[in-house]
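Chain by chain, the residues run as shown.
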Amino acid sequence: MAHNQVNEIDELLKDLKKTPGFKAYLILNSDGIVIRWDQVGTQMQYQRAVQHAHHITELYSKSTAHIKELFDPEDGSVENVRIRTEEYEMIVSSLGSYTLAVFQEDDIKVEENTEEGA
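(A) Main features of the sheet that holds strand E2 (residues 34–39). Read across the sheet, five strands follow the order E2-E1-E5-E4-E3 without closing on themselves; strand pairing throughout is antiparallel. Of all strands in the sheet, those bounded by a partner on one side alone are E2 and strand E3 (80–84). Neighbour to neighbour, the strand axes of the sheet diverge by 10° on average, direction disregarded. Two strands pair when backbone bridges link them, and strand E1 (residues 22–28) and strand E5 (residues 98–104) are joined in this way by six bridges, in the antiparallel orientation. Bridged to Phe22 within E5 is Gln104. Strands E1, E2, E3, strand E4 (89–95) and E5 of the sheet are contacted by helix H2 (residues 46–70), whose axis makes an angle of about 70° with E1.

What follows is the structure in structure tokens.
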């Protein structure tokens, strides 16, 4: 049964990599330890993945704490955090004891690339 789950995750990640603008992903366990990572083009170094994991874990926990303070308990849950930088856009989602972070080109760059290719 666990073997089928691994295949489902692998299939999901393959589909994710086919998405226009996709750059990289990280999967973290509940302790913030990187258990899987990949990047389009060159392989992301493990040290870089660990740096991202540290910042993601800190930001996600702080975001969750502040949202719970600002809103009612039923409205105060954080499912996703979306961060836009000059280099990329990052979407972080946590479910159970795992966290998935996906790095993608921002929408403007994706639109420019698809227009140039058309």
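(B) Structural context of the pattern of salt bridges. Throughout the structure, instances matching the rule amount to five salt bridges. In this structure, Arg82 and Glu89 form a salt bridge, with 2.8 Å as the shortest nitrogen-oxygen distance. Glu89 gets classed as buried once you look at its relative accessible area, which sits at 3%. Put simply, Arg84 and Glu89 hold a salt bridge, and the shortest N to O gap is 3.5 Å. Through salt bridges with shared partners, one network takes in Arg82, Arg84 and Glu89.

Criteria and cut-off values
Residues numbered from 1 in each chain as written. Predicted model: local features only at pLDDT ≥ 70, side-chain atom pairs only at ≥ 80, totals over all residues. Heavy atoms only, no water. Pairing = 2+ DSSP bridges. Helix = DSSP H or I, 4+ residues; strand = E, 2+ residues; numbered from the N terminus. Axes fitted to C-alpha atoms, helices over the stretch in contact; angles between N-to-C directions. Contact = heavy atoms within 4.5 Å. Salt bridge = Lys/Arg side-chain N within 4 Å of Asp/Glu carboxyl O. Buried < 20%, exposed > 50% of the residue type's maximum accessible area, 1.4 Å probe, protein only.

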